[in-house]
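Chain by chain, the residues:
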Amino acid sequence: MTDTTADRPGAIDARPVRHPGRWVAVAVIGVLVAMLVNSFVTNERWDWAYTFQIMQQKSVINGLWMGTILGTVIAMAIGVVLGVVLAIMRMSENPVLRGVSFVYTWFFRAIPRYVLLSLFAVGFGYLYLNKFDVGIPFSSIHFATIDYSAWSSTVLIGGIALGLSEAAYMAEIARAGILSVDRGQAEAAQALGMAPGKTMRRIVLPQAMRVIVPPTGNETIAMVKDTSLFIAANITIELYYQATFFGSRAFKIMPGLMAATLWYLIVCTILMLGQSWLERYFGRGYGPTPKATKQKLTEIGADH
Amino acid sequence: MPATSDAPLVHAVNVTKSFHGNEVLKGIDLDVRTGEVVVLLGPSGSGKTTFLRCINQLETIDGGRIWVDGDLMGYDDRGGTLHRLTDKRIAAQRRDIGMCFQRFNLFPHKTVLENVVEAPVQVKGVDRRTAEARAHELLEQVGLQDKPAAYPSQLSGGQQQRVAIARALAMEPKLMLFDEPTSALDPELVGEVLKVMRDLAQKGMTMIVVTHEMGFAREVADRVVFMDGGVVVEEGPPGQVIGNPQHGRTRAFLSRMRQEEQAHAQAVTEAVSAGVAALDDAPKEP
């Protein structure tokens, strides 16, 4: 093998396969990018300076925090907690709990979120404008009376409506996650004397998280965007409404829209980074060893 | 049953269990005294694993009774009427019974140390520091003192099973159940797990072991119980049941096991010699 003579083949020097399709694609993309840049440069109605001004308006920032982000947090908190509860109910031995979970998921998956928001704010407002009595049904016993009109168009109601809808989707995600955990895990925990609730919380759910987190990240990002539907419940403290309202008042329609667009891009980028961190956290113990663990292992090895 | 000093630790009477109309256990009686090592032998489908799982209630029994350390498992006997225990009380009954599974079932999201510490801290409420100190001792006992920070996926099967033994021992059980602890292991890893189990037996642990390891049964067991078709066919000291079986079914099973062992050894020998021959025949590089 070590001898190389003139008649033995040497290093390969071959012509690569040609990819004419790629060159066509690059040309088409090039033209489209040129069109976009051309529009940016020649059409002064883009008005980027004004776009950035709108982005920094107090009302827009307030709408971003107190509407879009707060609404997402409320909706996802309700969605995740209720979703896990629904998933556990769905796997219960009790047929009533199973049935309730099924009907819930069926109902809320069928209702569009825009319709649900109107239903919660406008519809309930129509039924119980000033007085929503909390008490025992069909009796005159009331514990409290709520002035619904004061609540109907708040971020809280919007978040609840979206959260109830989200729970239906999260239930399926959580159920897939719980089912992905090997039965032997729960058995091992039970054999150690762990009660069922603790087994679920300490052993099954943390492992289910590895399967639950990636789709939940997608749901969260989708929820940020769905808060732009808040206007269906006449909720105006929200990014999209505030940015476009400011833009149209100044007859700067596109800058208003672009201010909202850029903020959505920023928020969703941050969420995607957070998601990849969470995936790594819940993926520990699987796949390649993380650096920190390797470090720990060598330290411990050095002790002995 | 009153818990007196000479009462057996495990007292099972006429235990029956069916899965979807298929009767897997047809009236098992078994007593295990404190400190005794009992090996359950039998062909697959004989019900030995099911019976083991019934002892710590991973399966609920259809008939008969099982007492462990004087406690009726799964039920409260109030003047002849049985009341099913709540999940919490069943969990409490399992605390004193350790179990090792064929597929180890370590918690993959926790390190070795966290696996061992989990139950004492979460179930018994032992202070974490104390539990960790004890866990280090147990890891040393199973020969894994250098692995507390490793995750189960970073360990070999034999190492994982030894962690599983340490995890079970951390609850200071009175009884250890082993469900085919070496069946999922590569042959070269079986020995290290059996050694830990042998040490445990020598320390006086009461053990019920489902296994196909005849050597372990012969050397370590105080008593061998041969099961087939959901009944105990015969039982006695290993020398008697394995050395001089009385029943045809036992003899048939043992000779099949021996054949398998021989066939396996034969295959290994042939493969090795074939490999050597292939090496011998290979043209040598000048």
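Look up a bit, the structure's there.
Quick summary incoming for the structure in this document. (Residues numbered from 1 in each chain as written. Chains lettered and ligands numbered in written order. Predicted model: local features only at pLDDT ≥ 70, side-chain atom pairs only at ≥ 80, totals over all residues. Heavy atoms only, no water.)

### Focus on the sheet that holds strand E5 (residues 71-72) of chain B
All names here are of chain B. Strands sit in the order E2-E1-E4-E5 across an open sheet of 4 strands; the sheet is antiparallel. Two strands close off the open sheet at either side, each with one partner strand: strand E2 (22-32) and E5. Most of the contacts of helix H1 (residues 48-55) go to E2, to which it runs at about 60°, and overall it touches strand E1 (10-19), E2 and strand E4 (63-68). (Pairing = 2+ DSSP bridges. Helix = DSSP H or I, 4+ residues; strand = E, 2+ residues; numbered from the N terminus. Contact = heavy atoms within 4.5 Å. Axes fitted to C-alpha atoms, helices over the stretch in contact; angles between N-to-C directions.)

### Structural notes on the packing of helix H3 (residues 112-124) of chain B against helix H4 (residues 128-141) of chain B
Residue and element names in this part refer to chain B. Here H3 crosses H4 at 125°, and the two axes come no closer than 9 Å. As judged from the angle between their axes, H3 and H4 are oblique. Regarding H3 and H4, the two cross each other, and that crossing is right-handed. Contacts between H3 and H4 involve Val 112, Leu 113, Val 116, Val 117, Pro 120 and Val 121 from the former and Arg 128, Ala 131, Glu 132, Ala 135, His 136, Leu 138 and Leu 139 from the latter. The class makeup of the residues in the contact of H3 with H4 is 10 nonpolar, 1 polar and 2 charged. (Parallel < 35°, antiparallel > 145°, perpendicular 65-115°, else oblique. Left-handed = near helix turned anticlockwise from the far one by under 90°. Nonpolar A, V, L, I, M, F, W, Y, C, P; charged D, E, K, R; others polar.)

### Digging into the pattern of salt bridges
Summed over all chains, the structure comprises 23 salt bridges over all chains. The shortest N-O distance in the salt bridge between A:Arg90 and A:Glu172 comes to 3.4 Å. With a gap of 82 residues between them, A:Arg90 in helix H3 (residues 58-90) and A:Glu172 in helix H6 (residues 155-180) connect regions that are remote in the sequence. Of the residues examined, A:Glu172 reaches a relative accessible area of 26% and is grouped as partly exposed. A salt bridge links B:Glu219 to B:Arg198, with the nearest nitrogen and oxygen atoms 3.4 Å apart. (Salt bridge = Lys/Arg side-chain N within 4 Å of Asp/Glu carboxyl O. Buried < 20%, exposed > 50% of the residue type's maximum accessible area, 1.4 Å probe, protein only.)

### Focus: empty space enclosed by the protein
By the definition in use, this model includes 2 cavities of 30 Å³ or more. Approximately 70 Å³ is the volume attributed to the largest cavity. B:Cys54, B:Gln57, B:Glu59, B:Thr60, B:Ile61, B:Ile66, B:Met73, B:Gly74, B:Tyr75 and B:Arg84 together form the lining of the largest cavity. By volume, the second largest cavity is sized at about 50 Å³. Contributing to the lining of the second largest cavity are A:Ala188, A:Ala191, A:Leu192, B:Met99, B:Phe101, B:Ala164, B:Arg167 and B:Ala168. Breaking the lining of the second largest cavity down by element, the ones donating at least two residues are helix H7 (183-191) of chain A together with helix H5 (157-169) of chain B. Broken down by element, the residue count for the lining of the second largest cavity peaks at 3 residues, all from H5(B). Residue composition of the lining of the second largest cavity, grouped by class: 7 nonpolar, no polar and 1 charged. (1 Å grid on protein atoms, 1.4 Å probe; cavity = no way out; pocket = protein on both sides within 12 Å on 5 of 7 lines; lining within 4 Å. Points joined across faces, edges and corners; volume = space filled by probe spheres on them.)

Function cannot be inferred from these measures alone, as they are strictly geometric.
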